[in-house]
Amino acid sequence: MEPPSASPRAGRGPWQELLLAVSLLTFWNPPTTAQVTVESVPPNAAEGKDVLLRVLNLPGDLLGYAWFRGKSVETNNRIVSYVVNTQVITPGHAHSGRETAYPNGSLLFQNITLKDTGYYTLQIITNDVQVEQVRGQLRVFHKRSTTGLPVGSIIGIALGVLIGVALMATLAYFLLCTRTGRASAWHDLRQLWHPPSTPCHAPVSSSTSPASLPSPTKEVPIYQELQHPDTSIYCQINHKAEVAS
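Everything numeric here is computed off the predicted structure, so don't read it as measured data. (Residues numbered from 1 in each chain as written. Predicted model: local features only at pLDDT ≥ 70, side-chain atom pairs only at ≥ 80, totals over all residues. Heavy atoms only, no water.)

1. A look at the overall build of the chain
Here is step 1 of the chain: In terms of regular secondary structure, the chain is built from five helices and eleven strands.
Here is step 2 of the chain: In the chain, which comprises 245 residues, the share counted as buried stands at 23%.
Here is step 3 of the chain: Look at the contacts in the chain between residues 6 or more apart in sequence, and 57% of them connect residues 24 or more apart.
Here is step 4 of the chain: Just so you have it, the chain exposes about 17,300 Å², and 61% of that area is on carbon and sulfur atoms. (Helix = DSSP H or I, 4+ residues; strand = E, 2+ residues; numbered from the N terminus. Buried < 20%, exposed > 50% of the residue type's maximum accessible area, 1.4 Å probe, protein only. Contact = heavy atoms within 4.5 Å. Areas by Shrake-Rupley, 256 points an atom, 1.4 Å probe, with all protein chains shown as cover.)

Written out as structure tokens, the structure is:
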């Protein structure tokens, strides 16, 4: 069931008149022991959630009630008041627009903030002009992430991881540059100690391998001539020798 619509008046209203009448009669009717209790549902809530101050054991002969912010029942601290006979809900000076009162006395807070943390006082007036007061408390904490850690802690962890990765990358680059520099210097020293051979400057060797010598059948023409002499030349030489003799 939707709560009764609130009246736009936030100043003097039915609640002040009701309190005035009760104050005149309290001298003849001493207050009874308060049996009404208020509990927060849930007991601890994250900011941005909805919380209900639920009233238990509300008297059946209720004339009206009012909610106040804090432990005092001053007019400036009044959030909302409700009169049973007229079912009129009147917002007070401390009403922020996020509070909703119900006929059973409960007070709903929507989209709570850290500023809502604290005590709240419920003032009850019964038909026999008895006035009772009972307090409830809201506990609001910072909104947490799905991991159960505060948002600030997650941001700090993320920054720490990023800084660690950056340091590791810097160290790896430094080590790589150091190793590269040492390898380059070692290569230069080897070039100085063992210069590379070129086609024009062959390395000096104390012995010659037989495989490196030229083949006599391919490289020396006179050897080929001795193996295959020209017979016509020898015939001419023999003929001249016979004539001379």
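2. Some details on the UniProt feature "transmembrane region" (unreviewed entry) in the chain
Here is step 1 of the chain: Cross-referencing UniProt, the feature "transmembrane region" (unreviewed entry) maps to residues 154–176 in the present numbering.
Here is step 2 of the chain: Between the first and last C-alpha atoms of residues 154–176 the distance is 33 Å; the span itself is 100% helix and 0% strand. (UniProt positions renumbered as here; feature names shortened; annotations may be inferred.)

3. Quick notes on the pairing of strand β1 (residues 37–41)
Here is step 1 of the chain: What you see with β1 is a clean split: Val38 and Ser40 sit on the buried side and Thr37, Glu39 and Val41 on the side with no burial.
Here is step 2 of the chain: As defined by bridge partners, β1 adjoins strand β3 (residues 51–56) across five bridges and the pair is classed as antiparallel. Within β3, the position partnered with Ser40 by the bridge is Leu53. (Pairing = 2+ DSSP bridges.)

4. Observations concerning the side chain of Ser81
Here is step 1 of the chain: Counting through the fold element by element, Ser81 comes out in strand β5 (residues 78–83).
Here is step 2 of the chain: A polar contact of 3.3 Å, which involves the side chain of Ser81, links it to the side chain of Arg78. (Polar contact = N/O pair within 3.5 Å; in protein donor to acceptor, adjacent residues only side chain to side chain.)

5. Observations regarding the packing of aromatic side chains
Here is step 1 of the chain: Taken as a whole and judged by the stated rule, the model has two aromatic pairs.
Here is step 2 of the chain: Between Tyr65 and Tyr82, the aromatic rings sit 5.4 Å apart at their centres with planes inclined by 40 degrees, giving tilted as the arrangement. Taken as a pair, Tyr65 in strand β4 (residues 62–69) and Tyr82 in strand β5 lie far apart in primary sequence, 17 residues in all. The same class applies to Tyr65 and to Tyr82, which are both buried.
Here is step 3 of the chain: Cation over ring: Lys71 sits above Tyr119, and NZ or CZ is 4.5 Å from the ring centre. (Phe/Tyr/Trp six-rings, centres within 6.5 Å; stacked < 30°, edge-to-face > 60°. Lys NZ or Arg CZ within 6 Å of the ring centre and 35° of its normal.)

6. Concerning the pattern of salt bridges
Here is step 1 of the chain: This model, assessed by the stated rule, comprises four salt bridges.
Here is step 2 of the chain: The partner of Glu39 in a salt bridge is Arg54, with the nearest N and O atoms 2.2 Å apart. Taken together, the residues Glu39 in strand β1 and Arg54 in strand β3 connect sequence positions 15 residues apart.
Here is step 3 of the chain: A salt bridge links Glu99 to Arg69; its shortest N-O distance comes to 3.2 Å. Here Glu99 is found in strand β7 (residues 99–101), whereas its partner Arg69 is found in strand β4, with 30 residues between them in sequence. (Salt bridge = Lys/Arg side-chain N within 4 Å of Asp/Glu carboxyl O.)

7. A word on the sheet that holds β4
Here is step 1 of the chain: Taken in spatial order, the five strands of this open sheet run β6-β5-β4-β9-β10, and their pairing is antiparallel. Among the strands making up the open sheet, the edge pair consists of β6 (88–91) and β10 (131–138). On average, adjacent strands in this sheet sit at an angle of 15 degrees to one another, irrespective of strand direction.
Here is step 2 of the chain: Two elements, β4 and strand β9 (residues 118–126), share seven bridges in a ladder whose sense is antiparallel. Bridge assignment links Arg69 to a residue of β9, and that residue is Tyr120. (Axes fitted to C-alpha atoms, helices over the stretch in contact; angles between N-to-C directions.)

8. Some thoughts on the sheet that holds strand β8 (residues 107–109)
Paired through their backbone hydrogen bonds, the strands of a sheet run either parallel or antiparallel.
Here is step 1 of the chain: Taken in spatial order, the four strands of this open sheet run β1-β3-β8-β7, and their pairing is antiparallel. Both outer strands of the open sheet, β1 and β7, are each paired with one neighbouring strand and no more. Averaged over all pairs of adjacent strands, the angle between their axes in this sheet comes to 20 degrees, without regard to strand direction.
Here is step 2 of the chain: Two elements, β7 and β8, share three bridges in a ladder whose sense is antiparallel. Bridging from a neighbouring strand, Thr100 pairs with Leu108 of β8.

9. Section: the confidence of the model for the chain
Here is step 1 of the chain: In this model, the chain carries a mean pLDDT of 75, and residues with pLDDT of at least 70 account for 56%.
Here is step 2 of the chain: Low pLDDT, under 50, characterises residues 5–10; the predicted model gives this stretch 14 contacts beyond four residues in sequence or across chains.
Here is step 3 of the chain: Below pLDDT 50 for its whole length, residues 200–207 participates in one contact with residues either more than four positions away or in separate chains. (pLDDT = per-residue confidence, 0-100.)

10. Observations concerning unusual backbone geometry
Here is step 1 of the chain: The omega torsion of the bond from Val41 to Pro42 falls at 0 degrees, within 30 degrees of zero and hence cis.
Here is step 2 of the chain: Examined against the element boundaries, Pro42 turns out to sit in the loop between β1 and β2 (45–46).
Here is step 3 of the chain: Positive phi outside glycine occurs at Gln87, with the angle close to 55 degrees.
Here is step 4 of the chain: Even without being glycine, Asn111 reaches a positive phi, approximately 50 degrees.
Here is step 5 of the chain: With respect to the helices and strands, the residue Asn111 is situated in the loop between β8 and β9.
Here is step 6 of the chain: Under the relative-accessibility criterion, Asn111 is labelled partly exposed at 46%.

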